[in-house]
Amino acid sequence: MTNNLMDLGRTGEIAKTGAKPKLPTTIPNLTDTMLDVYRIPLKYLYYNDENGRISTQIKREFGTLMVQTDETNPDYNNKIATFIEEDNATALKKTKKSIKEKGQQVYGYVLQDGRIIDGNRRFTALRQLQTEIGTSQYFEAVILPFTYDAKANRAQIKRLELAIQMGTEEKLQYDPVDLAVDIYQTIIRDSLMTKKDYSDEANMTVKEIENRIATVELVHDFLHFINASPEAYFIIKDAKLYNPLFELAKKFATSFPNQGPKYEQTKESAFSLLGKMVHTGGDTVREVRDYLKNIVSSADNDDYNDSIEEFVEVFRDKLESGPIHSASDYRKRLEESTPELRHITEVYNKTVNRQNRGKNVDSFIANVKETLNTLNDMKRGNGLTGNLQFTNFSKDQVVEIRDTLININLISGDLIEVYEDEL
């Protein structure tokens, strides 16, 4: 890719449309008067592999790809175009229809080497139209005098990208994994922006930024725990694990601000219980919140961790029997770990049940009175409640109820003596 779009614009090989854009954010040394919209032949352009919406997909499908324009080799753009279409085929079809009937209504942004910063869907639609109609199509876009070569340039490019894609009232909806990873990579890995800078451009709070960074850091630990690559974010996306990990990260930040050995043990216990949740299905977010409330926030957390430590170790051994490359691999390993996950579940349920039995005095008394209310209702109904009739029951069911009442009567007598002794 040797073409410099700025040079092609100066020589007239790329035509101006006459439109003068207004930047959605402030970029040093770049003003609105310095910018023009050009009609750029598609062969000079390529998708931005650093775009947060695309990078996770690339790692899932290919690991890495060499970026190339259509002029050099269309294979790269063809592969990314597939991602764009799969992401929202309806929106792409609508965009293509609009461009075909009325032309491109909203210009994009590209770098001087052809990297598209904004306008993936429009570019995809134009590529499809060019193939279908057989006539040359042009992408109307602002050419920014930057490349990704310099870190300072990348910082300004990211500011613009965020302002365009997320800073407006009708901001595009990012997948939560893609958004969190983009935040982490921009602020922590690449140090392109501060938390405040990102929050301002993306129309988010600093606290939201911090929570998402903490979640990605926990994601790294989770991927290490299950023996996957630390950047296999697509596993988190495919297994629908981001939201439960987000809940864990928020709680861990307040419960273990200094981390330490108890945090590490709790984290492995949580990852193991999360494996059980994925294995059995259901509402993982609700289950994680129950776990945080019933175990992590209680005085039983250390005892619970110690009680399942042996099972967690065996579970980890099975996870480490081979690398995990996909959510499917992870689920297969969970299936192989069914005995350990069952034991972990049993300890969890016993701990929660023990807590429920030991609730406060008022709750205990209320439960005893509720039992009495049920018996009084049965007495008033001559043995039944509501609209039930004995014809609704089988003989065995009637026997079962009678035997239960006999046991209640016997146990009540014993319990009365216990309370008499306390008086």
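All figures in this text were calculated on a predicted structure; none of them were measured in a lab. (Residues numbered from 1 in each chain as written. Predicted model: local features only at pLDDT ≥ 70, side-chain atom pairs only at ≥ 80, totals over all residues. Heavy atoms only, no water.)

1. Examining the pattern of salt bridges
So, step 1. This model, assessed by the stated rule, comprises 28 salt bridges.
So, step 2. A salt bridge links lysine 276 to glutamate 287; the nearest nitrogen and oxygen atoms lie 3.0 Å apart. Here lysine 276, found in helix α12 (residues 261-280), pairs with glutamate 287, found in helix α13 (residues 284-296); they are 11 residues apart in sequence, far enough to count as distant.
So, step 3. Residue lysine 276 is classed as buried on the basis of its relative accessible area, which comes to 15%.
So, step 4. Take glutamate 287: its relative accessible area is 14%, and that puts it in the buried class.
So, step 5. When the shortest N-O distance is used, the salt bridge between aspartate 403 and arginine 402 registers 3.0 Å.
So, step 6. Classification of arginine 402 by relative accessible area gives partly exposed; the value is 48%.
So, step 7. Through salt bridges with shared partners, a single ionic network connects Lys16, Lys20 and Asp36. (Salt bridge = Lys/Arg side-chain N within 4 Å of Asp/Glu carboxyl O. Helix = DSSP H or I, 4+ residues; strand = E, 2+ residues; numbered from the N terminus. Buried < 20%, exposed > 50% of the residue type's maximum accessible area, 1.4 Å probe, protein only.)

2. Some thoughts on the packing of aromatic side chains
So, step 1. Scanning all chains against the criterion turns up 15 aromatic pairs.
So, step 2. Centre to centre, the rings of phenylalanine 252 and phenylalanine 256 are 6.0 Å apart; their planes meet at 70°, and the pair counts as edge-to-face. Neither residue differs from the other here; phenylalanine 252 and phenylalanine 256 are each classed as buried.
So, step 3. Across from the ring centre of tyrosine 138, 4.3 Å away, lies the NZ or CZ of arginine 39, which sits over that ring.
So, step 4. Directly above the ring of tyrosine 148 sits arginine 115, whose terminal nitrogen or CZ lies 4.3 Å from the centroid. (Phe/Tyr/Trp six-rings, centres within 6.5 Å; stacked < 30°, edge-to-face > 60°. Lys NZ or Arg CZ within 6 Å of the ring centre and 35° of its normal.)

3. Some remarks on the sheet that holds strand β5 (residues 115-118)
So, step 1. An order of β1-β2-β6-β4-β5-β3 is seen for the 6 strands of this open sheet, with the pairing classed as mixed. Strands at the two margins of the open sheet, each flanked by one partner only, are β1 (15-16) and β3 (46-47).
So, step 2. For strand β4 (residues 108-111) and β5, the ladder comprises 2 bridges, and the chain directions are antiparallel. Directly across from tyrosine 109, in β5, lies its bridge partner aspartate 118. (Pairing = 2+ DSSP bridges.)

4. Thoughts on a negative patch on the surface
So, step 1. Together, Asp303, Asp306, Glu309, Glu313 and Asp317 line one region of the surface with negative charge.
So, step 2. Judged by its relative accessible area of 40%, glutamate 309 is partly exposed. (Patch = residues over 30% accessible without salt bridge, like charges linked within 9 Å, V, L, I, M, F, W, Y side chains within 5 Å. Areas by Shrake-Rupley, 256 points an atom, 1.4 Å probe, with all protein chains shown as cover. Lys, Arg positive; Asp, Glu negative; His and termini not counted. Charge placed at Lys NZ, Arg CZ, Asp CG, Glu CD.)

5. A short note on the confidence of the model for the protein chain
So, step 1. Averaged over every residue, the pLDDT of the protein chain is 88; residues scoring 70 or more account for 96%.
So, step 2. Mean pLDDT across the elements of the protein chain ranges from a minimum in helix α2 (residues 52-61), with 77, to a maximum in helix α9 (residues 206-225), with 96. (pLDDT = per-residue confidence, 0-100.)

6. A look at the nonpolar core
So, step 1. Core analysis: the biggest nonpolar cluster contains 66 residues, and Tyr198, Ile226, Leu245 and Tyr291 have the highest contact counts within it.
So, step 2. When residues in this core are grouped by element, the largest group, 8 residues, is from α9.
So, step 3. Apart from residues lying up to four places away in sequence, leucine 245 is in contact with Thr215, Leu218, Val219, Phe222, Ile236, Phe271 and Leu274.
So, step 4. Residues Leu5, Ala81, Ile84 and Leu92 belong to the second largest nonpolar core, which totals 30 residues. (Core = buried A, V, L, I, M, F, W, Y, C linked by side-chain atoms within 4.5 Å. Contact = heavy atoms within 4.5 Å.)

7. Section: unusual backbone geometry
So, step 1. Residues other than glycine seldom take positive phi values, yet serine 191 does so here, at roughly 50°.
So, step 2. Looking at the secondary structure, you find serine 191 in the loop between α7 (176-189) and α8 (195-202).
So, step 3. Its relative accessible area of 44% is what places serine 191 among the partly exposed residues.
So, step 4. The backbone phi angle of asparagine 382 is positive, close to 60°, even though this residue is not glycine.

8. Quick word on the packing of α8 against α9
So, step 1. Contact geometry of α8 with α9 gives a least axis separation of 9 Å together with a crossing angle of 115°. It follows that α8 is roughly perpendicular to α9 by the angle criterion. The handedness of the crossing between α8 and α9 comes out as right-handed. For the pair formed by α8 and α9, the contact residues are Lys195, Lys196, Tyr198 and Ser199 on the first element and Val206, Ile209, Glu210 and Ile213 on the second. (Axes fitted to C-alpha atoms, helices over the stretch in contact; angles between N-to-C directions. Parallel < 35°, antiparallel > 145°, perpendicular 65-115°, else oblique. Left-handed = near helix turned anticlockwise from the far one by under 90°.)

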